Amino acid sequence: IASRSLRRKSFAGSASRNKQLTVEWLSDQPTINPWLAFIDEMGCQKDFSPVYDESDFDPTTGTFHGLDFSSVVIVKRDQQIIATACVWDQSPFRQTVVRDYRAPIRLARPLLNVWAMLTGNVTLPPIGTPISASFVGLLAVRDDDFFLLRTLLCELANRCEHANLLIGLC
C-alpha cells in the first residue's frame, strides 16, 4: 500500500540517474501504440501475461472500464519507454467495505487514527464504510529495475485521489 507517507518522499538514486529520466502521462501522447507495444514486450517476459489491444481501453466495453489515460504514467530514458503503470479508480463499480475489526483494533481504532493523522499515515475507516483506494495497474518495468518501480509509485501516489494506492505483486 502506498499511502500519503510515500507522497512526501523524493526519488531514490543518484542525481545523474534522475536527470536521464522523463515522466510523461499517456494522455499527452499522440498515440497509445508505442505504449501498448511496450506493455506487450514486457508481458512476453512473464508467464501468462495477457495481450492487450486498443479495444481493451474502450471506456464503456473495454477490460479497463473507467481507466482514464491521464492516470497512466510513462517513464522514458532517451525517448524510449522503460516503465509504465496507471492508477485505476475502480470505486464506481468495485468497493471494499470494512465489515468489522478484531476487538483490540476496534477498541484502539480512535487512538490509532489520531496517531496516523499526526504522522501523515492512512486512518482506519469506520465499520460499514468503503476503504478509500485506487489500484496500480498495467505495471511494466524494464529489467525489473527497483529504482524505476519506486519512481512510478511516487508519481502514481502523487496523482492518486484516494488515501490508499493498492498494488498486488507475485
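Anything mentioned here points back to the structure above.
The shown structure was predicted, so the numbers you read here are calculated from the model rather than taken from an experiment. (Residues numbered from 1 in each chain as written. Predicted model: local features only at pLDDT ≥ 70, side-chain atom pairs only at ≥ 80, totals over all residues. Heavy atoms only, no water.)

*Asks:* Looking at this model, I keep getting lost on the pattern of salt bridges. Mind explaining?
*Replies:* Once the charged atoms of two side chains with opposite charge are near each other, the side chains can pair. All told, the structure shown has 4 salt bridges when counted by the stated rule. For Lys46, the salt bridge goes to Asp144, with nearest N and O atoms at 3.1 Å. One end of the pair, Lys46, is in the loop between helix H3 (33–43) and strand E2 (72–77); the other, Asp144, is in the loop between strand E4 (133–141) and helix H5 (146–159), with 98 residues separating them in the sequence. For Lys46, a relative accessible area of 43% puts it in the partly exposed group. What makes Asp144 exposed here is its relative accessible area of 59%. (Salt bridge = Lys/Arg side-chain N within 4 Å of Asp/Glu carboxyl O. Helix = DSSP H or I, 4+ residues; strand = E, 2+ residues; numbered from the N terminus. Buried < 20%, exposed > 50% of the residue type's maximum accessible area, 1.4 Å probe, protein only.)

*Asks:* Teacher, can you tell me more about the packing of aromatic side chains here?
*Replies:* Two aromatic rings, taken as a pair, are described by how far apart their centres are and by the angle between their planes. The full count for this structure, using the stated rule, is 8 aromatic pairs. In textbook terms, an aromatic cluster arises when at least three aromatic residues are bridged by ring pairs, as seen for Trp35, Tyr52, Phe57, Phe64, Phe69, Trp88 and Phe93. One cation-aromatic arrangement involves Arg159 over Trp25; the distance from NZ or CZ to the ring centre is 3.8 Å. (Phe/Tyr/Trp six-rings, centres within 6.5 Å; stacked < 30°, edge-to-face > 60°. Lys NZ or Arg CZ within 6 Å of the ring centre and 35° of its normal.)

*Asks:* Looking at this structure, I do not really get unusual backbone geometry. What am I missing?
*Replies:* Most peptide bonds take the trans configuration, and most residues that are not glycine carry a negative phi. In the Ramachandran plot, Asp78 falls in the positive-phi region, its phi being about 55 degrees despite a non-glycine side chain. By the secondary structure assignment, Asp78 is in the loop between E2 and strand E3 (80–88). Judged by its relative accessible area of 67%, Asp78 is exposed. Backbone geometry places Gln79, a non-glycine residue, at a positive phi of 65 degrees.

*Asks:* For this particular structure, what's the right way to read the pairing of E4?
*Replies:* A regular strand places its side chains so that they alternate between the two faces of the sheet. Here E4 lies mainly inside the structure; 7 of its 9 residues are buried. As paired strands, E3 and E4 are joined by 5 bridges and run antiparallel to one another. Bridge pairing in E4 places Ala83 opposite Val141. Alignment of E4 against strand E5 (residues 164–166), held across 3 bridges, turns out to be parallel. (Pairing = 2+ DSSP bridges.)

*Asks:* Teacher, can you tell me more about the side chain of Arg109 here?
*Replies:* Tracing the backbone shows Arg109 in helix H4 (residues 103–119). Only 2.9 Å separates the side chain of Arg109 from the backbone oxygen of Leu124, close enough to count as a polar contact. Once residues within four sequence positions are removed from consideration, Arg109 is found in contact with Tyr101, Leu124, Pro125 and Pro126. (Polar contact = N/O pair within 3.5 Å; in protein donor to acceptor, adjacent residues only side chain to side chain. Contact = heavy atoms within 4.5 Å.)

*Asks:* I tried to follow H3 on my own but got confused; where do I start?
*Replies:* The α-helix winds at 3.6 residues per turn, so residues separated by three or four positions along the chain end up facing the same way. Listing the buried residues of H3 in full gives Trp35, Leu36, Phe38, Ile39, Met42 and Gly43. Around the axis of H3, the buried residues are gathered within 160 degrees of arc, so they sit on the same side. As for H3, its buried residues are in contact with E2, E3 and E4. (Arc of directions from axis to C-beta.)

*Asks:* How do you make sense of the nonpolar core when you look at a structure like this?
*Replies:* Looking at soluble globular proteins, one finds that nonpolar side chains tend to be buried together. Core analysis: the biggest nonpolar cluster contains 19 residues, and Val75, Leu148, Leu152, Leu156 and Leu165 have the highest contact counts within it. For this core, the secondary structure elements donating two or more residues are strand E1 (21–25), E2, E3, E4 and H5. Considering every element that reaches this core, the biggest residue donor is H5, with 7 residues. Core analysis: the next-biggest nonpolar cluster, separate from the first, contains 17 residues, Phe57, Phe64, Ile74 and Trp88 among them. (Core = buried A, V, L, I, M, F, W, Y, C linked by side-chain atoms within 4.5 Å.)

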